[in-house]
Amino acid sequence: MMSNLVPFLVQWGLTSLSLWVASYLFSGLRFADGGSLLIAALLLGFANAVVKPLLILLTLPLTVLTMGLFLLVVNALVLMLVSAVVSGFTISSFWTAFFASIFISLFSLFISGILS
């Protein structure tokens, strides 16, 4: 039981850190407080695990047509979905979500590589 909890907490912390750093780099991405940041990170992890695969499946023809670039749009839409559900987490525009989602993915990948 405990061995499953540690990787989950590490991933949640990594997502929280990524969102927090992104909120300093992108003026259109804001958190009201630490609680909304932690809830957004938790929900983003859930959305990436459940909602994102469904969106990828539904948009597969468009993703193939764009040679995978539409996945960047899917990432932005998932981030915007989380901001719509979590009070205290706001994203000003699609383009803010688009570039922030790219940053969050790359930053998380970089930190994961350092921790591994």
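Residues numbered from 1 in each chain as written. Predicted model: local features only at pLDDT ≥ 70, side-chain atom pairs only at ≥ 80, totals over all residues. Heavy atoms only, no water.

What to know about helix H4 (residues 70-85)
Then step 1. Here H4 spans 23 Å end to end across 16 residues, near enough to the 22 Å set by a 1.5 Å rise per residue.
Then step 2. Where H4 is concerned, the buried positions are Phe70, Val74, Asn75, Ala76, Val78, Leu79, Val82 and Ser83. (Helix = DSSP H or I, 4+ residues; strand = E, 2+ residues; numbered from the N terminus. Expected span 1.5 Å × (residues − 1). Buried < 20%, exposed > 50% of the residue type's maximum accessible area, 1.4 Å probe, protein only.)

Looking at the packing of aromatic side chains
Then step 1. Scanning the model with the defined rule gives ten aromatic pairs in all.
Then step 2. Between the aromatic rings of Phe103 and Phe107, the centroid separation amounts to 5.4 Å while the plane-to-plane angle is 25°, which identifies the pairing as stacked. Of the two residues, Phe103 and Phe107 are both situated in helix H5 (residues 94-115); the distance of four residues between them amounts to about one turn of the helix. Both residues of the pair, Phe103 and Phe107, belong to the buried class. (Phe/Tyr/Trp six-rings, centres within 6.5 Å; stacked < 30°, edge-to-face > 60°.)

Considering the layout of surface pockets
Then step 1. If you add up the space inside the largest pocket, you get close to 380 Å³.
Then step 2. Mapped by element, the contributors of at least two residues to the lining of the largest pocket are helix H1 (2-25), helix H2 (34-58), H4 and H5.
Then step 3. Examining the composition of the lining of the largest pocket, we find that eight residues originate from one element, H2, more than from any other. (1 Å grid on protein atoms, 1.4 Å probe; cavity = no way out; pocket = protein on both sides within 12 Å on 5 of 7 lines; lining within 4 Å. Points joined across faces, edges and corners; volume = space filled by probe spheres on them.)

Some points on a nonpolar patch on the surface
Then step 1. Together, Val6, Val10, Phe110, Ile114 and Leu115 give the surface a local cluster of nonpolar side chains, amounting to about 510 Å² of exposed area.
Then step 2. Among the secondary structure elements, those contributing two or more residues to the nonpolar patch are H1 and H5.
Then step 3. Considering each element in turn, the nonpolar patch owes the most residues, three residues, to H5.
Then step 4. With respect to the secondary-structure elements, Leu115 resides in helix H5. (Patch = residues over 30% accessible without salt bridge, like charges linked within 9 Å, V, L, I, M, F, W, Y side chains within 5 Å. Areas by Shrake-Rupley, 256 points an atom, 1.4 Å probe, with all protein chains shown as cover. Salt bridge = Lys/Arg side-chain N within 4 Å of Asp/Glu carboxyl O.)

Looking at the packing of H4 against H5
Then step 1. Packing of H4 against H5 leaves a shortest axis separation of 8 Å and a crossing angle of 105°. When the axis of H4 is compared with that of H5, the two are roughly perpendicular. Facing H4, whose interface residues are Leu72, Val73, Asn75, Ala76, Leu77, Leu79 and Met80, H5 presents Phe94, Ala97, Phe98, Ala100, Ser101, Ile102, Ile104 and Ser105.
Then step 2. When its residues are assigned to classes, the contact of H4 with H5 shows twelve nonpolar, three polar and no charged. (Axes fitted to C-alpha atoms, helices over the stretch in contact; angles between N-to-C directions. Parallel < 35°, antiparallel > 145°, perpendicular 65-115°, else oblique. Contact = heavy atoms within 4.5 Å. Nonpolar A, V, L, I, M, F, W, Y, C, P; charged D, E, K, R; others polar.)

Comments concerning the packing of H2 against H4
Then step 1. Running from N to C, H2 and H4 point in directions that differ by 135°, and their axes come no closer than 9 Å. The angle between the axes of H2 and H4 places the two elements in the oblique class. Considering only the axes of H2 and H4, their crossing is right-handed. Each of Ala40, Leu43, Leu44, Ala47, Asn48, Val51, Lys52, Leu55 and Ile56 in H2 lies in contact with H4, whose residues at this interface are Leu71, Val74, Asn75, Val78, Leu79, Leu81, Val82 and Val85.
Then step 2. Across the contact of H2 with H4, the residue classes tally to 14 nonpolar, two polar and one charged. (Left-handed = near helix turned anticlockwise from the far one by under 90°.)

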